[in-house]
Amino acid sequence: MEPQKDTLRTTFKNLLRTYDDVSDNIVRNEYLEAVCRYAEVYLKTNAIGTSFYYIFELKSKTIVHASGKTKQVLEIESEELLGKSFMTAVKYFSIPTLCKLIRSINQYYQYLKKIPSEHYIRIRGSAYYPIKTPAGVRKFILQQNIPIVSNAKGQIMYTLNLFTDITHLDNECKFKAFLLDESDENESKIVPFSGDENSILFFNIISVAEQRVLEYVAKGLSSKEIADKLFLSVHTINNHKKNILKKTGMKSILGVIVKMKSEGWFSVADMN
């Protein structure tokens, strides 16, 4: 297998595991009609460019509904998207671009896991990237993702994915991914996602307990203060720090935090 395709397969498997982790075990089809109504309103309010949307079902990992100007954007009919994964629905410009997108989507869902599910609908993931139409035309797409149905446990059932052709705005667009977090009524927060080759591994190799320690370190707390917060010994906190450095191969905890901040795991406020 070619190295690029092998990397893509591994990256996609990581995303599938994330889907299983955050999605509902039972898909409730009665929600789909309400979801589509919401999506139609959202589509009509978009004034950036020619658009279409699809509804993605996390349990089946497939597109279950699509509408809008798919023919104009992708040169295919809406019905041709149904039953497909996002990887096979759109022809991406290159494997590296697709890998970056998958990693960024994974980072987006990892971010959602850290916040209350009632805020999901106020957190929009976005990505800019090039695609290639069946006729070989290169276009630049803005993809926006919003979780719109979740259960009481916070497991996501459906997401709305809005695609807009922005080639007319920037025909030299480089890959970018970020989320807009508007869960705080008083302040919006933009969190960039790197899509780096090691971004998924870097986050997943650190345990939940170690992540908690890092979050407090990012807020400026000492080992003693963290120990008091978590009802642990200072010795345990220091061991967590040592394990983090060993797992990541980095020389300082601050370096780990800066790295994770660049990937969207800590806000600017956390670092002050």
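Owing to the predicted nature of the structure, the values given are computational and were not obtained by experimental measurement.

Engineer: Sorry if this is basic, but what is going on with the overall build of the chain here?
Structural biologist: Scanning the chain for helices and strands turns up 11 helices and 7 strands. Accessible surface, the chain: about 13,900 Å² in total, of which carbon and sulfur atoms supply 52%.

Engineer: Honestly, the pattern of salt bridges in this entry has me stumped. Any pointers?
Structural biologist: Side chains that differ in charge, positive against negative, can pair when their charged atoms come close. If you walk through the whole model with that rule in mind, you get 3 salt bridges. Note that Glu 210 is salt-bridged to Lys 247, the shortest N-O span being 3.0 Å. In this pair, Glu 210 sits in helix H7 (residues 208-218) while Lys 247 sits in helix H9 (residues 234-248), placing the two residues 37 residues apart along the sequence.

Engineer: Explanation requested: the confidence of the model for the chain in the structure shown.
Structural biologist: In regions of low pLDDT, the predicted coordinates are not meant to be interpreted in detail. Summarising the model, the chain shows a mean pLDDT of 81, and 87% of its residues fall at 70 or more. Per-element confidence in the chain is highest for helix H8 (residues 223-230), whose mean pLDDT is 93, and lowest for helix H11 (residues 268-271), whose mean pLDDT is 39. Long-range and interchain partners of residues 267-272, a stretch whose pLDDT sits below 50, account for 9 contacts in this model, where long-range means more than four residues apart.

Engineer: Is there a simple way to explain the nonpolar core in this structure?
Structural biologist: Across soluble globular proteins, you tend to see nonpolar side chains buried next to one another. With 42 residues, the main nonpolar core has Phe 86, Tyr 109 and Tyr 129 as its most contacted residues. In contact with Tyr 109, not counting residues within four places along its chain, are Thr 18, Tyr 19, Val 22, Leu 58, Asn 145, Ile 156 and Thr 159. In terms of nonpolar packing, the next biggest core, distinct from the first, is built from 15 residues, Ile 226, Ala 227, Ile 244 and Met 260 among them.

Engineer: When you look at helix H5 (residues 95-112) in this model, what are you seeing that I'm missing?
Structural biologist: In an α-helix there are 3.6 residues to a turn, and that puts residues three or four apart on one side. Its 18 residues place the ends of H5 26 Å apart at the C-alpha level, agreeing with the 26 Å of an ideal helix rising 1.5 Å per residue. H5 sits mainly inside the fold: 15 of its 18 residues count as buried.

Engineer: What's the story with the packing of H8 against H9 in this structure? I'm lost.
Structural biologist: Two packed helices can be described by the angle between their axes and the distance between those axes. In the contact formed by H8 and H9, the axes pass within 8 Å of each other and the chain directions differ by 110 degrees. Regarding the angle of H8 to H9, the classification is roughly perpendicular. Each of Ser 223, Lys 224, Ile 226, Ala 227 and Leu 230 in H8 lies in contact with H9, whose residues at this interface are Val 234, Ile 237, Asn 238 and Lys 241. Per-class residue counts for the contact of H8 with H9 are 5 nonpolar, 2 polar and 2 charged.

Engineer: Would you explain unusual backbone geometry in this entry?
Structural biologist: Excluding glycine, most residues fall at negative phi; most peptide bonds, likewise, are trans. Even without being glycine, Glu 75 reaches a positive phi, approximately 65 degrees. Residue classification places Glu 75 among the partly exposed residues on the basis of a relative accessible area of 28%. Phi angles above zero are rare outside glycine, and Phe 231 is one such case at about 60 degrees. Tracing the chain through its elements places Phe 231 in the loop between H8 and H9. Using a relative accessible area of 75% as the deciding quantity, one classes Phe 231 as exposed.

Engineer: Would you mind showing me how to read the environment of Arg 17 here?
Structural biologist: Looking at the secondary structure, you find Arg 17 in helix H1 (residues 3-22). With relative accessibility at 52%, the residue Arg 17 sits in the exposed group. It is 9.5 Å that separates the C-alpha atoms of Arg 17 and Asn 106, two residues lying 89 residues apart in sequence.

Engineer: How should the pairing of strand S3 (residues 123-132) be read in this particular structure?
Structural biologist: Every other side chain in a regular strand lies on the same face of the sheet, so the side chains alternate between the two faces. Burial of S3 is extensive: 7 of the 10 residues sit out of reach of the surface. Two elements, S3 and strand S6 (residues 176-184), share 6 bridges in a ladder whose sense is antiparallel. Its bridge partner lying in S6, Ser 126 is registered against Phe 178. In terms of strand pairing, S3 meets strand S4 (residues 138-150) through 8 bridges, oriented antiparallel. Each residue of the ladder has a partner; that of Pro 130, found in S4, is Phe 140. Connecting S3 to the antiparallel partner S4 that follows it, the hairpin turn spans 5 residues, and Gly 136 within it adopts a positive phi of roughly 90 degrees.

Engineer: How should I be thinking about the pairing of strand S7 (residues 187-193) in this particular structure?
Structural biologist: Across 6 bridges, the pairing between S6 and S7 is antiparallel. Note that in S7 the partner of Ala 177 across the bridge is Phe 193. The hairpin formed by S6 and S7 contains 2 residues between the paired strands.

Engineer: Is there a simple way to think about the environment of Ser 150 in this case?
Structural biologist: Checked against the element boundaries, Ser 150 lands in strand S4. The exposure class of Ser 150 is partly exposed, given its relative accessible area of 27%. When the C-alpha positions of Ser 150 and Ile 121 are compared, they lie 9.5 Å apart, and in sequence the two are 29 residues distant. Ignoring sequence-local partners within four residues, the contact set of Ser 150 consists of Ser 117, Tyr 120, Gln 155, Ile 156 and Met 157.

About the thresholds
Residues numbered from 1 in each chain as written. Predicted model: local features only at pLDDT ≥ 70, side-chain atom pairs only at ≥ 80, totals over all residues. Heavy atoms only, no water. Helix = DSSP H or I, 4+ residues; strand = E, 2+ residues; numbered from the N terminus. Areas by Shrake-Rupley, 256 points an atom, 1.4 Å probe, with all protein chains shown as cover. Salt bridge = Lys/Arg side-chain N within 4 Å of Asp/Glu carboxyl O. pLDDT = per-residue confidence, 0-100. Contact = heavy atoms within 4.5 Å. Core = buried A, V, L, I, M, F, W, Y, C linked by side-chain atoms within 4.5 Å. Buried < 20%, exposed > 50% of the residue type's maximum accessible area, 1.4 Å probe, protein only. Expected span 1.5 Å × (residues − 1). Axes fitted to C-alpha atoms, helices over the stretch in contact; angles between N-to-C directions. Parallel < 35°, antiparallel > 145°, perpendicular 65-115°, else oblique. Nonpolar A, V, L, I, M, F, W, Y, C, P; charged D, E, K, R; others polar. Pairing = 2+ DSSP bridges.

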